[in-house]
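Now for the letters of each chain:
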Amino acid sequence: MSLIMHTLHVELGERSYPVYIGRELLGDGKLLGQHIAGSQVVVISNETVAPLYGERVRSALGSRQLVTEIVLPDGEQYKSLQTLSTIFDRVMADKHSRNTTFIALGGGVVGDIAGFAAACYQRGVNFIQLPTTLLAQVDSSVGGKTAVNHPLGKNMIGAFFQPQAVLIDIDTLHTLPKREFSAGLAEVVKYGLISDEPFYRWLQEHMPRLLAREEAALAEAIERSCANKAQVVAADEREGGLRAILNLGHTFGHAVETGQGYGTWLHGEAVAAGMLLALELSARRGRIDRAEVDDFRELLLGMHLPVRPPEDMDAAAFLDLMAHDKKVIDGRLRLVLLQAIGAACIVDDVTDAELRGLLADR
Ligand code: NAD
Ligand code: GLY
């Protein structure tokens, strides 16, 4: 029996949608069916997730007229235009109409690529997110950012395209490898840092319960993360300003991911090391206490996350890669820093010298 533990809404006028958090949601045909418009469905998953959860979704779909299952190779390196093309080849060959529904079953890689495919196919079709990693459940499945990577930069080719619904089944977290789980926790902690100090303090206290994957703690952390994200997305869907705060640590992190080769460092790992750099810079600028930086480093260590960028990336490599970041506007790099725990700010006056000093001292 499925159990919805929390329901929240991303409020975007006619593009508003629900986010359900609970247990055994993948097999809930009634819930899924409420968000499927016609009788055609494309389920996009990967070779790791499909054998684990494909059957539950298949049975929830029942006997629809046309169900195409697409199983992608697993890995960030396949979040590419080439993979996107293989999706369109299958969907075209099976003659899906504009009335079809694309369903993403997997982590952020599957969600981002399936979402972008849904945004492009016949200029946009119905789309549902079934996220199965912690990172996808608290971040990538909510908010409508979809993309593939380009060899010169992450997520450089994509679209804002909101899903019709997000079904978060926390049972899927039991099969998630420890390293992936920790990477997802980095994005959970991000919400506390940028906009919710009480949540950050809660996370400091309850981290052992989360690491033990206690269901009540997980549901609570996912709900508070999604609520924070939904609020930011509702205020600034297309990242005209505020939404950029969701990228705390990401400018450094994306440089690590691109510099090391996609898939070497996990996204959440790169973001964790990047967030620590952002907090360190915030402390150097007198915005937060040094003790907060030290506490955050301890928290990351307890979460088994990296606290230092890769040894082989020097300041020059970072600066070069960061120049390609989407947050560079008119040649000025914009960075997310903290003015307090729970209060992010965006600055565009960080000098190369400051960055060189920061990256040299790690
Ligand atoms: P991922 O999709 O690569 O999944 C991580 C690994 O876990 C993969 O090997 C996957 O097959 C496996 N997996 C997934 N669910 C599983 C389960 N329940 N049990 C066992 N194994 C499982 O990585 P991710 O961390 O979920 O997502 C990272 C991607 O998300 C990056 O491409 C990043 O750019 C993107 N992202 C997008 C947004 C957005 O707003 N769209 C936000 C954050 C990150
Ligand atoms: N993960 C950043 C965003 O959704 O804007």
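In case you missed it, the structure is sitting above this.
Since this is a predicted model, take the numbers as computed values, not measurements. For every chain, the first residue of the written sequence is number 1, and numbering continues from 1 along that sequence. The naming scheme follows written order: chains are lettered A onward, ligands numbered 1 onward. The predicted origin of the model limits local features to residues at a pLDDT of at least 70 and limits the giving and counting of side-chain atom pairs to 80 or more, whereas totals for whole chains, interfaces and linings rest on all residues. In computing side-chain properties, one takes all heavy atoms of the structure into account and sets aside hydrogens as well as water.

For this particular structure, what's the right way to read the side chain of Glu292?
Assignment of secondary structure puts Glu292 in helix α11 (residues 290-302). Under the scheme applied here, a residue whose accessible area is under 20% of the maximum for its type counts as buried, over 50% as exposed, and between as partly exposed, the area being computed with a 1.4 Å probe on protein chains only. With a relative accessible area of 16%, Glu292 lands in the buried category. A distance of 3.0 Å separates polar atoms of two side chains, one belonging to Glu292 and the other to Arg201. Setting aside residues no more than four positions away along its own chain, Glu292 makes contact with Arg201, Leu279 and Ile341. In this description a helix means any DSSP run of H or I spanning at least four residues, a strand means any run of E spanning at least two, and both kinds are numbered starting from the N terminus. Polar contact is the term for a pair of N or O atoms within 3.5 Å; when the atoms are in protein, one must be able to donate a hydrogen and the other to accept it, and sequence-neighboring residues count only if both atoms are side-chain atoms. Throughout, a contact is declared for two residues whenever any of their heavy atoms are within 4.5 Å.

Explain helix α2 (residues 49-61) to me, please; I cannot follow it from the model alone.
The periodicity of an α-helix, 3.6 residues per turn, causes residues three or four places apart in sequence to face the same way. Every helix has an expected span of 1.5 Å times one less than the residues it contains. Along its 13 residues, α2 runs 17 Å from first to last C-alpha, staying within 8% of the 18 Å computed at 1.5 Å per residue. Of all the bends in α2, the largest measures some 30° and sits at Glu55. Among the residues of α2, Val49, Ala50, Tyr53, Gly54, Val57, Ala60 and Leu61 are the ones counted as buried. Taken together, the buried residues of α2 touch α1 (29-33), β3 (40-46), β4 (66-72), β5 (101-106) and β6 (126-131). Fitting axes to the seven residues ending at a residue and to the seven starting there, one defines the bend at that residue as the angle between these axes.

Sorry, what's going on with the environment of Glu237 here?
Structurally, the position occupied by Glu237 is in the loop between α8 (215-235) and α9 (250-260). The exposure class assigned to Glu237 is buried, which follows from its relative accessible area of 15%. Taking the C-alpha atoms as reference points, Glu237 and Phe161, 76 residues apart in sequence, are found 10.0 Å from one another. For Glu237, the residues in contact, after removing those within four places along its chain, are Leu12, Arg15, Phe160, Gln162 and Arg243.

Can you help me understand the site of ligand 1 in this one?
Around ligand 1 sit 27 residues, and of these Asp74, Glu76, Thr132, Thr133 and Thr175 come closest. Thr132 places a side-chain nitrogen or oxygen 2.7 Å from a nitrogen atom of ligand 1. Contact with the protein chains hides 90% of the accessible area of ligand 1, taken as 860 Å² for the molecule alone. Put simply, Ala, Val, Leu, Ile, Met, Phe, Trp, Tyr, Cys and Pro go in the nonpolar bin, Asp, Glu, Lys and Arg in the charged bin, and everything else, Gly too, in the polar bin. When grouped by side-chain class, the residues that make up the shell around ligand 1 number seven nonpolar, eleven polar and nine charged. A cutoff of 4 Å decides nearness: a residue is near a molecule or strand if any of its heavy atoms lies inside that distance of it. Surface accessibility in these figures is a Shrake-Rupley result with a 1.4 Å probe; residues are shielded only by whichever protein chains are displayed.

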